[in-house]
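# Analysis of the macromolecular model
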Amino acid sequence: MQRGKSVKIKEVIGSLCKLLSALGVDSVPGTDTFRRAKFNKGDAVEDLWRLLYSLLSKAVLWGCACQATKKHDIGAQARLVSAVLWQFGYGAPWLAQTRGEDGWGEEVGSRDLLLALGWVISSGSLLETLLGEQAGGLETLTSLPEVSDCWPGVEIPAGTERGAGQCGRGLTGKGEREGDLRRLQWEQGKLRLLWRGLQAAQAERARLLHQVLSSTSGPSDTHPAAGCTGHSKELARSQTDIQVLDIYLDWKLMEPLFWCWMDSVIDTELAEPSPPSHRGAVAMALKSVVVKGARCQGDSGRRGMDELSEMLLLLQVQLKAWQVELINHASPSGIVTSSPEKAKIQERVKLRLCSLTEAYAPRPTNRRHRLRPPEHPTHRPHRPTKHSPSQAGQPIEAQASRLIKELREEEAGLRQEVKRLRRGQREELQELASRLEGVVLIPPLN
Amino acid sequence: MSVVTVQLGQCGNQVGQELFDVISSDTNDAQRYRPSAQGKTYHACSQERFLNEEITGELSARAVLIDMEPKVIAQAMATAAKSGRWKYGDQSFFCQKQGSGNNWANGFCVHGPRHEEAVGDLVRREVERCDRLAGILSLMSVAGGTGSGVGTYVTQCLRDAYPHSFILNQLTWPYGTGEVIVQNYNSVLTLSRLYQCSDAILVHENDAVHRICAQLMNIKHISFSDVNKVIAHQLGSVLQPAHTADTHSQYSRNPMGELLSRLVCHPEYRLLSVCSIPHMSSSSLAYSAFTWPGLLKHLRQMLITSAKMEEGIDWQVRAPPVGQGTAEKLSGFNTSLANLLILRGKDVSSADTCGFLDPALYSPWLPAEGAISTWRSPLPFNKYEKSATLVSNSQSLLKPLDLMVGKAWNMFASRAYVHQYTKFGITEEDFLDSFTCLEQVISSYRHL
């Protein structure tokens, strides 16, 4: 399976590269760079910095100071890229490390950069936004639902251009601003209405022209389309637009495979924690937990999920670290002898993983009466697993009594509801009756 | 350029029939009494706007009639045919056997979706017969079952089907004393939804029109037909051809667009009210003479006191000096956002409208030059030698709206009749959303 994937992966990455070039991103490297970066080869580093820089410069409006960055100053570009990634909340450990230092992080591996690239592409709808800008002339795209010009879900810190603009607005005279704003809205609405009027006029003209043409000229072909330069220009433009869209569709078909491959990059990263600056996979994973935790901007609902996956990741990393330790520190015969021990460890880990997954697994919530033990599930992993079968009877009993209690409560609630409804009905009947007897106010005419 | 009229429910169909009657008689008069080129162009323009010429030479209204009961539609079609001047298209109506029973939810959630396709086809057929669709005018009551419930649903569908066309909703506001016990609920639900999908909501209050019939036209036993005639007169004077600021000496080809782009550019302010001057019985019409300064002076005072007729205006109310904040505005003064003045009749070019250019009449954020516009037509309208109509986007509907929302809220607080709506799928949240929407509208107008 791995083999089959790697044969196809060149195509997949090729389609991404093609799309990026079509979207006007400069210095897109060849597909081989990606493969080399997966194995953390040093020669891919520069290419990836360039790619990240040009991709981000498409996505972010630099302030004027940043524009002075020289085209070939890779160090400055790298610093800028790191800063932008940090601003937008990418919390990889190498970023945290290099931020404090003055250098631009020569020690950053190409795989780190590849992962960062994956993060950039997967954040929000960057590619779609760029596509919307590129092929803005196509009508279908203008009606695309919300092609936003900023990454959704990522708050831009107040230091950047947009934030500063918003801050400034709040400070000046409110009433006057509001009046101006209304005036602006009024004028805008007026323009919109005028535009609609023009559109109706145009439609009328087209209709009348068609009538004139169809009544004066026969079915002979007299279209003067060929010599018109405006038309050919328009044609060329829409053709390029269509080309870009084709490329984008190709990429969309390939995209799942690309992310599978990115997963494999992450796997490799976790399997061989190679960068010399990091002390070990466990330390790195731990750090990443800390960093992400500090900068977490996700909603609280997803936090639990994130914690779970991070914990799983940690456990996997620990497991792999043990494996590596075993391979390194034991003689070849030792591996054979320790295999039962290894199996035991693996079993233990598996059990813990199982209990963890169970504890965090989403439960069906559409039923009102959930059979759930009263204590918090997070304590379960710390309990010795072999005890759990013997304790099974007690919670179920407790649940039954609880269930009965809940049902009783519900019954009482329903009864009250019935009572309330009855009262409502009665009042309404009374009102109806009173209306029938009383004077109905009928307008004096008719 | 043509306007497709959609007549919904009992009220909409009756008003629509009167409207076409006024328009066709006015158009005929123009041709008869002004055989000059002037009368001919007016006639041709009006005809293109509202009527189709069938192959047989008969004129049929560019209208679609929709009701859940056959009675009113049959009546309207018969009356139209009897006039001999115009008729409704033989196929351009849709009706059912069973009404909505004054239940808005029944109309909106059941009848509307069920007949969406049939109604859509009818409207599309009318639209396709226009060289240019100037806009869709839908006539309905705000409080009934079919008119408001189905009407709201149909308006939403029209908005989906014609996203770039102008949609103007004419709503007839019920009597304050009450025709239907749930009229305030229906009004809240209708208005809040129409506010989202219609371009403008033109409101006629039955109470105000009733007073016009009683005091100005001296009608002893006022029927719905009399009320509808007044509404049709006012609507007709807005919709008939006129020279606008953009077109100078030609009749506007884009009446609906120009009307809307003068009055309802801001999405928070979409309520329009109309008042006309003079109103009088046809018998006394021949013995009256009016001057433009007199008419405009009265109309201006009607605007700032938000009166709907010239009798009993409070002449004490004056525009506050410019530069005062909204908080110090005098009570009883009606601030406008934008006004459209339509003058029709003899010597119309001599009429001086500078009284409406006073910045004190308008909100501080929209300058008076952009807020007032004038349309003129040298031809008399509907037998009135001189007449002036004012379409106003102002605070004048604030009071009735606030009252209506307040009454509906009181009923809703005790959950009275809410189950009649929930059983058709209008939830309490829907009610709350509607209340929120209208409270926002009220607040916007209050702080104008």
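Rules used in this analysis
Residues numbered from 1 in each chain as written. Chains lettered and ligands numbered in written order. Predicted model: local features only at pLDDT ≥ 70, side-chain atom pairs only at ≥ 80, totals over all residues. Heavy atoms only, no water. Helix = DSSP H or I, 4+ residues; strand = E, 2+ residues; numbered from the N terminus. Buried < 20%, exposed > 50% of the residue type's maximum accessible area, 1.4 Å probe, protein only. Contact = heavy atoms within 4.5 Å. Areas by Shrake-Rupley, 256 points an atom, 1.4 Å probe, with all protein chains shown as cover. Salt bridge = Lys/Arg side-chain N within 4 Å of Asp/Glu carboxyl O. Polar contact = N/O pair within 3.5 Å; in protein donor to acceptor, adjacent residues only side chain to side chain. Phe/Tyr/Trp six-rings, centres within 6.5 Å; stacked < 30°, edge-to-face > 60°. Buried area = accessible area lost by both parts, 1.4 Å probe. Nonpolar A, V, L, I, M, F, W, Y, C, P; charged D, E, K, R; others polar.

Within chain B, the secondary structure is distributed over 16 helices and 12 strands. Taking all 448 residues of chain B together, 63% fall into the buried category. For chain B, contacts bridging at least 24 residues in sequence account for 80% of all contacts bridging at least 6. With the model as given, the accessible surface of chain B reaches about 16900 Å², and the carbon-plus-sulfur share is 52%.

Evaluation of the coordinates by the stated rule reveals 32 salt bridges over all chains. Where Glu-126 of chain B meets Arg-129 of chain B, a salt bridge forms, and the shortest distance between an N and an O atom there is 3.7 Å. Judged by its relative accessible area of 1%, Glu-126 of chain B is buried. Residues joined by salt bridges that share partners form a network here, namely Glu-204 of chain A together with Glu-48, Arg-132 and Arg-253 of chain B.

Okay, unusual backbone geometry next. Backbone geometry follows two general trends: most residues other than glycine have a negative phi, and most peptide bonds adopt the trans configuration. Omega for the bond connecting Ile-277 of chain B with Pro-278 of chain B falls within 30 degrees of zero, at -5°, which places this linkage in the cis form. Relative to the assigned elements, Pro-278 of chain B resides in the loop between β9 (271–277) and α11 (282–285). A positive phi angle, near 40°, is found at Ser-27 of chain A, a position not held by glycine. Position of Ser-27 of chain A relative to the elements: it lies in the loop between α1 (2–22) and α2 (31–38).

All names here are of chain B. Note that Ser-336 resides in strand β10 (residues 336–345). Accessibility expressed as a relative area gives 0% for Ser-336, which makes it buried. One polar contact links Ser-336 to Asn-339, side chain to side chain, over a distance of 3.3 Å. Other than its neighbours up to four places away in sequence, Ser-336 contacts Leu-303, Leu-361, Tyr-362, Ser-363, Ser-392, Asn-393, Ser-394 and Leu-448.

Residue and element names in this part refer to chain B. Per the stated rule, a full pass over the model turns up 22 aromatic pairs over all chains. Aromatic side chains Trp-409 and Phe-435 sit 4.9 Å apart centroid to centroid with 90° between the ring planes, which places their arrangement in the edge-to-face category. With Trp-409 in helix α14 (residues 398–413) and Phe-435 in helix α16 (residues 428–446), the pair connects residues that are 26 residues apart, well separated along the chain. Under the relative-accessibility criterion, Trp-409 is labelled partly exposed at 40%. For the pair Tyr-421 and Phe-431, a centre-to-centre distance of 5.3 Å together with 75° between the ring planes defines the contact as edge-to-face. Separated by 10 residues along the polypeptide, Tyr-421 in helix α15 (residues 418–422) and Phe-431 in helix α16 bring together distant segments of the chain.

Once that is clear, we can look at the interface of chain B and chain A. With 40 residues of chain B at the interface, the matching set in chain A holds 27 residues. Considering only the surface of chain B that becomes buried against chain A, Asp-131, Cys-265 and Trp-365 of chain B emerge as the three largest contributors, covering 20% of it. Here the residues of the side of chain B that touches chain A are counted per class, giving 21 nonpolar, 10 polar and nine charged.

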